[in-house]
Amino acid sequence: MNQPVKVGDKISLFIDSVANSADSVGKYETFIVFVPFAVPGDEVEVLITEVRKNFSRGKLIRVIKPSPFRVQPVCPVFGECGGCHWQEIDYKKQLTYKKQIVINAFKNFPNVKIEDVIPAKEPFFYRNKTQFPADTQQKKLGLFSLRSHFVVDVDYCPLVRKDINAIYVEIRKHLKETGFEVTTLRHVIIRASETTREAVVTFVLKNEDFRKIHILSAYLLKKFPELSILYNINRADTNVIMGDKHFTFSKDGRISEKLDKIDYQFASISFFQTNTAQASVIFKKIKEWCKDSLEKTALDLFCGVGAISLYIAKEFKEVVGVEEMGQAVLDAVANAEKNNIQNCEFLNGKSERVLVKIMKQGFKPNTILLDPPRKGCEQELLNLIPKTGADTVIYLSCDVMTLVRDLEILKKHGYEIEEVLPVDMFPMTYHIETLVKLRKANTK
Ligand SMILES: C[S@@+](CC[C@H](N)C(=O)[O-])C[C@H]1O[C@@H](n2cnc3c(N)ncnc32)[C@H](O)[C@@H]1O
């Protein structure tokens with residue numbers, strides 16, 4: 001194909017859709033141009049930054065004629081910072097674009113109805129955890145710009161809970177006042193509970209020279225006496241944020257959340273859903289799908305701190321959770337005890353390995369819950385599912401492309417999709433959480 005644009009060209013472009021990424025999409029003649037931070041309906045001027053065989057990428061220079069769906073972003077560094085992508089798109093429109101992304105992803109399931117996306121009641125200030133990278137040489141604390149490791153110096157983030165912002169503002173103020181003398185600082189991770197007042201700050205450091213970070217920690221504790229402060233040492237020069245070594249400066253780094261009647265407590269390194277309010281909406285739906293299961297057994301794969309297992313425990317005779325992170329399993333066991341739930345068991349290991357083992361021991365779940373990380377499930381795990389005899393599979397996914405890849409395999413094994421429910425866990429970003437219910441054919 002003869003590409004009609006080259007790097008350095010300035011073109012005007014009509015934006016007609018969003019991609020399943022931070023980009024919006026327009027066509028120059030018939031050639032696709034991906035442009036972040038543009039709104040469908042915009043006419044924009046774009047600088048071409050990359051040209052490939054079938055598409056190109058561009059940088060938004062200016063909006064020539066704004067889309068009727070363009071709104072004023074609340075954040076002064078929107079577009080410079082890569083922390084979110086859709087703040088200048090009207091929120092109702094974001095929901096229709098997300099639904100369309102899910103519909104497009106499900107193109108190989110033409111008879112499946114995609115429900116409307118469940119909106120977030122609070123489309124701002126919702127994240128209960130955020131990591132802020134530091135650039136001590138440039139004396140900046142903030143968030144990465146899009147697809148780079150350049151730190152944008154942000155005053156606060158409107159996607160993050162207000163109590164997290166308050167802590168972040170004090171840390172940044174101290175760093176600036178002291179000329180970023182904590183040269184060992186790599187990241188600041190702040191986690192705060194939506195339902196209790198607890199918060200944990202983890203300073204990720206290059207080494208164990210704690211002299212300067214102790215001064216910052218002591219300052220912070222004066223402002224927030226209830227705060228737990230941890231140090232994590234990461235010497236590796238990779239994209240992985242945390243290292244293996246942890247130290248405690250104040251309190252034990254544990255945090256609690258309450259979802260409906262269930263009390264959860266977990267270590268700050270364990271996974272918990274980032275948007276507590278929307279997690280509650282999803283868990284309620286899962287529970288509804290599990291009713292009339294009192295004689296049945298559920299297997300909750302990728303169970304984290306037992307969040308879903310404990311939430312649905314009352315619906316089942318027995319629930320078995322599987323999780324590869326040892327600390328999260330300890331948290332899950334403790335959470336069962338704390339809530340006086342006696343029909344849950346938690347196993348440590350990779351889902352695909354543990355399932356082989358428990359099947360050999362004769363374990364036969366009726367319902368399987370899958371909530372894997374973005375990369376989805378291993379194929380060997382999906383191939384085992386029909387052999388368990390489970391008639392129901394509930395799949396919660398934060399990446400619709402790996403979700404449909406995995407659903408194709410489950411379909412080959414005779415599982416039919418009954419419901420697809422997208423939920424907006426991450427407003428102002430292109431990310432979508434999708435909940436799917438499947439039933440084994442001929443068991444309805
Ligand atoms: C998206 S989180 C879901 C956690 C939980 N369902 C919840 O709602 O809080 C995915 C979890 O899977 C765990 N994990 C990742 N790969 C795994 C594997 N192969 N086997 C078991 N657990 C795994 C992660 O440690 C993480 O706790």
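For the structure itself, look to the data block above.
This one's a predicted model, so the numbers in the text were calculated from it and none came from an experiment.

Participant: Can you break down the overall build of the protein chain residue by residue, with the values?
Facilitator: Scanning the protein chain for helices and strands turns up nine helices and 21 strands. Since a compact globule built from 444 residues should have a radius of gyration of about 22 Å, the 23 Å found for the protein chain is in line with a globular shape. Here the C-alpha coordinates of the protein chain stretch approximately 65 × 60 × 35 Å along the principal axes. Within the protein chain, the proportion of its 444 residues that are buried is 43%. Nonlocal contacts in the protein chain, meaning residues at least 24 apart in sequence, comprise 62% of its contacts between residues at least 6 apart.

Participant: Just give me the short version of the nonpolar core, but keep the residues and values in it.
Facilitator: Residues V201, I312 and V393 are the most contacted members of the largest nonpolar core, which totals 125 residues. By residue number, the principal contributor to this core is strand β10 (residues 199-205), which donates six residues. Setting aside chain neighbours within four positions, we find V393 in contact with I368, L370, I385, L410, Y415 and L438.

Participant: I'd like a rundown of the site of the ligand, residues and numbers included.
Facilitator: Of all residues adjacent to the ligand, which total 18 residues, the nearest are F271, F302, G304, A307 and D371. At the level of elements, α5 (307-312) and β16 (316-323) are the ones that each hand at least two residues to the shell around the ligand. Its residues placed into classes, the shell around the ligand shows eleven nonpolar, three polar and four charged.

Participant: Give me the sheet that holds strand β6 (residues 129-135): which residues, what numbers.
Facilitator: Judged by pairing direction, the sheet is mixed, and its seven strands sit side by side in the order β8-β7-β6-β9-β10-β11-β12 without closing on themselves. In this open sheet, the two edge strands, each paired with only one partner strand, are β8 (151-153) and β12 (245-250). Taken pair by pair, the neighbouring strands of this sheet meet at an average axis angle of 35°, ignoring direction. Sheet topology places β10 next to strand β11 (residues 228-233); six bridges connect them, and they run parallel. Each bridged residue has a counterpart across the sheet, and for T202 the counterpart in β11 is L230. The strands touched by helix α3 (residues 211-223) are β9 (185-192), β10, β11 and β12; relative to β11, the strand with the most contacts, the crossing angle is about 160°.

Participant: Go over α3 with me, naming the residues and quoting the values.
Facilitator: Taken as a whole, α3 has its buried residues at I213, L216, S217 and L220. Along the axis of α3, the buried positions cluster into a sector of 100°, meaning they face one direction only. Residues of α3 that are exposed and angled more than 90 degrees away from the buried face: R211, A218 and K222. Each element contacted by the buried residues of α3 is listed here: α2 (162-177), β9, β10, β11 and β12.

Each value, and the rule that gives it
- Residues numbered from 1 in each chain as written.
- Predicted model: local features only at pLDDT ≥ 70, side-chain atom pairs only at ≥ 80, totals over all residues.
- Helix = DSSP H or I, 4+ residues; strand = E, 2+ residues; numbered from the N terminus.
- Rg over C-alpha atoms; globule rule 2.2 N^0.38 Å.
- Buried ≥ 20, exposed ≤ 12 C-beta atoms within 10 Å, placed from the backbone.
- Contact = placed C-beta atoms within 7 Å.
- Core = buried A, V, L, I, M, F, W, Y, C linked by C-beta atoms within 7 Å.
- Near = placed C-beta within 6 Å.
- Nonpolar A, V, L, I, M, F, W, Y, C, P; charged D, E, K, R; others polar.
- Pairing = 2+ DSSP bridges.
- Axes fitted to C-alpha atoms, helices over the stretch in contact; angles between N-to-C directions.
- Arc of directions from axis to C-beta.

By themselves, these are just geometric observations and shouldn't be taken as functional.
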